[in-house]
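Coordinate inspection notes
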Amino acid sequence: MKLINKVFTGLAMTAMAAGAAQASTLDDVKAAGELKCVVTTGLAGFAAPNAAGKWEGFDVDFCRAVAAAVLGDGDKVKFVPSTGKTRFTLLNSGEGDILFRNTTETFSRDVDLKLTFLPVNYYDGQGFMVPTALGVASASELDGASVCIQTGTTTELNLADYFRSNGISYEPVPIETNEEAYTNYVAGRCDVYTTDASGLAATRAKFENPADHMVLPEIISKEPLGGAVRHGDDQWADIAKWVVNALIAAEEMGITSANVAELGAAAGNNPGINRMLGTEGSYGEMLGLDAAWAARAIAQGGNYGEIFDRNIGPDTPLGIARGLNAQWKDGGILYAAPLR
Amino acid sequence: MTEQTYAPGTHPDLPPPSNTVGPIHWLQVNLFSNIPNTIVSLVAIYLLAISIPAAIDWLFLKATYVGETRNDCARDGACWAFIGERLQLFIYGFYPEAERWRVDLSAIMLAVAIAAVLWERMPARGWMLIYAAVYPFIAGWLLTGGMGLTPVDTNDFGGVMLTVVIGITGIAFSLPIGILLALGRQSNLPIIKYFSIGFIEFIRGVPLITLLFVASTMLSYFLPPGSNFDLLLRVLIMVTLFASAYMAEVIRGGLQALPKGQKEAADSLGLNYWQAMRLIILPQALTISIPGIVNTFIGLYKDTSLVIIIGLLDVLGVGRASVSDTAWVGLSTEVYLFVAVFFFITCFGMARYSLHLENKLHTGHKH
C-alpha cells in the first residue's frame with residue numbers, strides 16, 4: 001500500500017510539469033463542451049449514480065453548478081469516478097478539470113501535490129463509532145482496539161497521530177471504501193470504525209437499530225472538505241472558487257433556485273444580489289464568463305442550503321445537521337468572501 | 001411353483017442383489033462406510049440442515065421483490081427490489097436510454113458470432129466465421145456511433161455491457177496476438193525473438209492495475225497536448241496486451257509439449273514454415289493448451305473488474321456505486337451476491353465449454 005501510494009504520488013508529481021504546459025482549462029472545457037469532474041466511485045449523499053444512471057449528491061451538485069456557470073448546462077458534466085488513491089493523479093494528469101470528492105484540504109496536498117483548493121464546502125471532523133455493547137465512553141479507552149480505517153486518506157494519518165500522542169495502541173484493519181468498512185464493522189472484524197463524522201452518520205443510518213452504536217464524543221481532527229483544481233491556471237481556479245462562494249453567499253442573501261430567475265431578471269434594491277446575478281457590474285466578464293454565470297449556477301441545483309438539505313440534510317436518510325456548516329449568522333462557520 | 005428351465009446361454013439377466021443397488025446402498029458406500037465417514041457425514045448434514053433453510057428463507061421466502069426504498073424491504077430477507085430497480089443500470093451502465101437498442105442488437109449479433117465460432121455444425125459456417133471476424137468492428141461502430149448513428153461517449157459505457165466489451169475484446173484479440181508472440185519467442189530471427197521475449201517478460205512483470213493506471217493517466221503525458229485518445233480504447237489495448245503475454249506463454253507450453261519430430265516431419269514433407277505451423281504444429285499445440293487458454297480467458301474476464309481503479313464502472317463498479325444510494329442504504333450483500341452470480345454464470349459457462357472441447361478432442365489422452 002505504501003509503495004503504491006508513493007508511485008501514485010510520483011505520478012502526480014510528474015503531472016505538474018504537464019499541467020503547467022496545458023492551455024487554458026476554461027478554453028479546453030468550452031471546446032470539449034463538457035466539464036470533467038472527479039468524484040468518488042460512490043459515497044452515500046455525496047456522489048452516487050441513481051437508478052437511471054444519473055449522478056446525484058452533494059459533491060455532484062457542486063460539479064453541476066460549475067458546469068452551469070461555465071457551459072450553461074448543469075448536465076454537461078462527465079463524471080470521472082476515482083478512488084482515494086487515484087483522485088489527485090486523475091486531476092493532475094488532465095483526466096479531470098476539477099475535483100469534488102469529499103477531499104480534505106491539507107498542506108501537503110496543496111503544496112506538494114500542486115493543487116489549488118477551493119473554498120471549504122463542508123466542515124467535517126474525524127470521529128469514532130463503537131458498538132454500545134463495547135462499554136466505551138471515550139476514545140482514550142480504546143487501547144488495543146482493532147480499528148477499521150480507509151487507506152490513503154487523512155483519517156489514516158490522524159488516527160496514528162491520535163493514538164501515538166495518547167500513548168495507546170491499536171490494530172488497523174485497512175479497508176478501501178465506506179461500504180467495505182460497514183460490512184467489516186457489522187461482521188465484528190473491527191471494534192471501532194473511524195472516519196469523518198459525516199461518514200459515520202451515513203454508516204450509522206444503515207443500521208437496523210442505530211441505538212446499538214454510538215459515536216464517541218471526541219472529534220480528533222479538522223477535516224475541511226472542499227473542491228480542488230490543478231496548479232497553474234489561476235483563471236480556472238478563480239472561476240471554481242467563486243462558483244462555490246456564490247452558492248454559499250446565495251443562501252446568505254436568500255437567493256434560491258425558486259426565486260433566482262425573478263431576482264436576476266432586472267436590477268433590484270439589493271446591490272449585493274444585483275452584483276451576483278449580473279444585473280449590476282461586470283463580474284462575470286472579469287472571470288471570462290458572462291453576466292449570468294452565478295444565476296445559472298444557483299438555478300441549477302439551488303444555493304448551498306438547498307444542496308445540503310437535498311443530499312445530506314436532516315430529512316435525508318443520512319440526517320446530518322448543519323452544525324458547523326451553518327451560515328456564520330446562524331452560528332456556523334460558513335463565511336463566503338464578499339462578491340464585489 | 002413351477003421351475004423354469006432355460007437352455008444353456010439363454011438365461012435372462014437377473015437384477016443385481018438388492019443390497020448392492022439403490023439409495024440405501026449408495027448411502028452406505030459413500031456416506032456411512034466407516035465410523036469417521038459417518039461422523040463427517042452427520043456433521044455435514046447437520047450444517048446443511050441448519051444453513052439451507054435459512055438461506056432459502058433469506059434469499060427467496062422472506063425476500064422483497066418490489067419496492068421503492070429500503071423501508072419497503074423486510075429487514076430479515078433479501079431486498080431484490082433494489083436490484084430490480086437498478087437492473088437497467090447494471091446492464092447498460094450510463095448508456096443513453098434512447099440508444100439502448102444498439103447494445104441489444106450488438107448482444108444478439110455477439111451471440112450469433114459466438115455460436116459461429118463454437119458450434120461446428122452452424123449452417124454456412126465459412127461465411128459465419130468471416131462474420132465473426134469482422135463482428136468486433138461492427139460492434140465497435142454500433143456501440144460508439146458515428147457514420148449515421150448518434151455518437152455515444154465511451155464514458156457512458158458501464159455495467160454488464162462494459163464488462164462484456166472489455167472481456168470479449170481481450171479474448172478475441174489476445175489469442176491471435178498470443179499465438180504470434182509464442183511463435184516469435186521460438187523464432188530463429190533474433191529481432192523477432194528478442195522483441196517477443198522482451199514484450200512478454202515486461203508485460204508479465206507488471207501488474208495489470210499498473211498498466212491500467214499508465215493507460216489512464218501516463219499516456220496523457222506522452223501524447224501531444226490536446227490529443228484526446230479515448231480512455232476505453234486505451235484500456236482495451238492494455239487489457240489485450242496483458243492477456244496476450246499470458247496467452248503466449250500458455251501456447252508456448254503447448255508448442256514445447258510437441259515432439260521435435262513433428263516439425264522435422266513437416267520439413268521433410270517440404271512444407272514451408274507457415275504451412276507447417278498451420279497444418280501440423282498449431283492444431284496439436286492449441287489442442288493441448290485448451291485448459292490453459294480458457295483459464296487465461298476466465299482470468300482476463302474477471303480482471304476486467306479492475307477498471308474501477310481508473311474510474312470505469314463495470315458491473316462490479318456499478319454495484320459498488322449503487323450501494324451508496326441513500327434511498328437503499330446497507331444492501332451490499334444483495335449487490336455483491338448479484339455480481340458474483342453474474343460472474344459465476346459466465347465463467348462457469350466458459351469452463352464447461354472448455355471441458356466439452358477437451359472431451360471431444362481427447363486432449364487428456366484417455367485412451
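Scoring rules and cut-offs
Residues numbered from 1 in each chain as written. Chains lettered and ligands numbered in written order. Predicted model: local features only at pLDDT ≥ 70, side-chain atom pairs only at ≥ 80, totals over all residues. Heavy atoms only, no water. Pairing = 2+ DSSP bridges. Helix = DSSP H or I, 4+ residues; strand = E, 2+ residues; numbered from the N terminus. Axes fitted to C-alpha atoms, helices over the stretch in contact; angles between N-to-C directions. Contact = heavy atoms within 4.5 Å. Disulfide = S-S within 2.5 Å. Buried < 20%, exposed > 50% of the residue type's maximum accessible area, 1.4 Å probe, protein only. Salt bridge = Lys/Arg side-chain N within 4 Å of Asp/Glu carboxyl O. Domains from an automatic or database assignment. Parallel < 35°, antiparallel > 145°, perpendicular 65-115°, else oblique. Nonpolar A, V, L, I, M, F, W, Y, C, P; charged D, E, K, R; others polar.

Describing the sheet that holds strand β5 (residues 98–104) of chain A
All names here are of chain A. Spatially, β4-β1-β5-β12-β6 is the arrangement adopted by the five strands of the open sheet, whose pairing is mixed. Sheet topology places β4 (77–82) and β6 (115–124) at the edges, where each strand pairs with a single neighbour. Taken pair by pair, the neighbouring strands of this sheet meet at an average axis angle of 25°, ignoring direction. Packing of helix α3 (residues 58–71) onto the sheet brings it into contact with β1 (35–40), β4, β5 and β6, and relative to β5 it is tilted by some 150°.

Some details on the state of the cysteines
Each disulfide consists of a covalent bond between the sulfur atoms of two cysteine residues. Within this structure, the stated rule accounts for three disulfides over all chains. The disulfide partner of A:Cys37 is A:Cys63, and the S-S distance across this bridge is 1.9 Å. Residues A:Cys37 and A:Cys63 are joined through a disulfide that is left-handed, its torsion about the S-S bond being -50°. Highlighted residues: A:Cys37 in strand β1 and A:Cys63 in helix α3, separated in sequence by 26 residues. You'll find A:Cys37 and A:Cys63 in the same group, each marked buried. Covalently, B:Cys73 is tied to B:Cys79 through a disulfide, its sulfur atoms 1.9 Å apart. Disulfide B:Cys73 to B:Cys79: torsion about the S-S bond roughly 50°, handedness right-handed. With relative accessibility at 6%, the residue B:Cys73 sits in the buried group. Accessibility expressed as a relative area gives 0% for B:Cys79, which makes it buried.

A closer look at the pairing of β5(A)
All names here are of chain A. Of all the seven residues making up β5, seven are buried; the element is thus mostly covered by neighbouring parts of the structure. As paired elements, β1 and β5 share two bridges and run parallel to each other. For Val 38, the partnering residue across the bridge sits in β5 and is Leu 99. Two elements, β5 and strand β12 (residues 223–230), share three bridges in a ladder whose sense is antiparallel. In the sheet register, Leu 99 faces β12, and the bridge partner there is Ala 228.

Description of the pattern of salt bridges
Tallied over the full model, the rule gives 16 salt bridges over all chains. A salt bridge links A:Arg296 to A:Asp290; the shortest N-O distance between them is 3.0 Å. Linking B:Glu201 and B:Arg185 is a salt bridge whose minimum nitrogen-to-oxygen distance equals 3.1 Å. Here B:Arg185 lies in helix α7 (residues 159–185) and B:Glu201 lies in helix α8 (residues 190–204), a separation of 16 residues in the sequence. For B:Arg185, a relative accessible area of 15% puts it in the buried group. Linked by salt bridges that have partners in common, B:Arg185, B:Glu201, B:Arg204, B:Glu249 and B:Arg252 make up one network.

Quick look at the pairing of strand β10 (residues 192–196) of chain A
Residues and elements named next belong to chain A. Among the five residues in β10, five count as buried, and that is most of the element. Examined bridge by bridge, strand β7 (residues 126–131) and β10 share four bridges and lie antiparallel to one another. Note on β10: the bridge partner recorded for Gly 127 is Thr 195. Note: strand β8 (residues 145–150) against β10, two bridges, orientation parallel. Bridge pairing in β10 links Cys 148 to Tyr 193.

A short note on the domain arrangement of chain B
Along its sequence, chain B is carved into domain 1 (21–61) and domain 2 (83–95 + 152–361). The gap between the C-alpha centroids of domain 1 of chain B and domain 2 of chain B is 40 Å.

Examining the packing of helix α12 (residues 273–303) of chain B against helix α14 (residues 332–361) of chain B
All names here are of chain B. Direction vectors running N to C along α12 and α14 enclose 175°, while the axes themselves pass 10 Å from each other. Between α12 and α14, the angle is such that the two are roughly antiparallel. Residues Thr 287, Ile 290, Pro 291, Val 294, Phe 297, Ile 298, Tyr 301 and Lys 302 of α12 form the contact with α14, whose own contacting residues are Phe 342, Phe 343, Thr 346, Cys 347, Met 350, Ala 351, Ser 354, Leu 357, Glu 358 and Leu 361. For the contact of α12 with α14, the residue count by class is 13 nonpolar, three polar and two charged.

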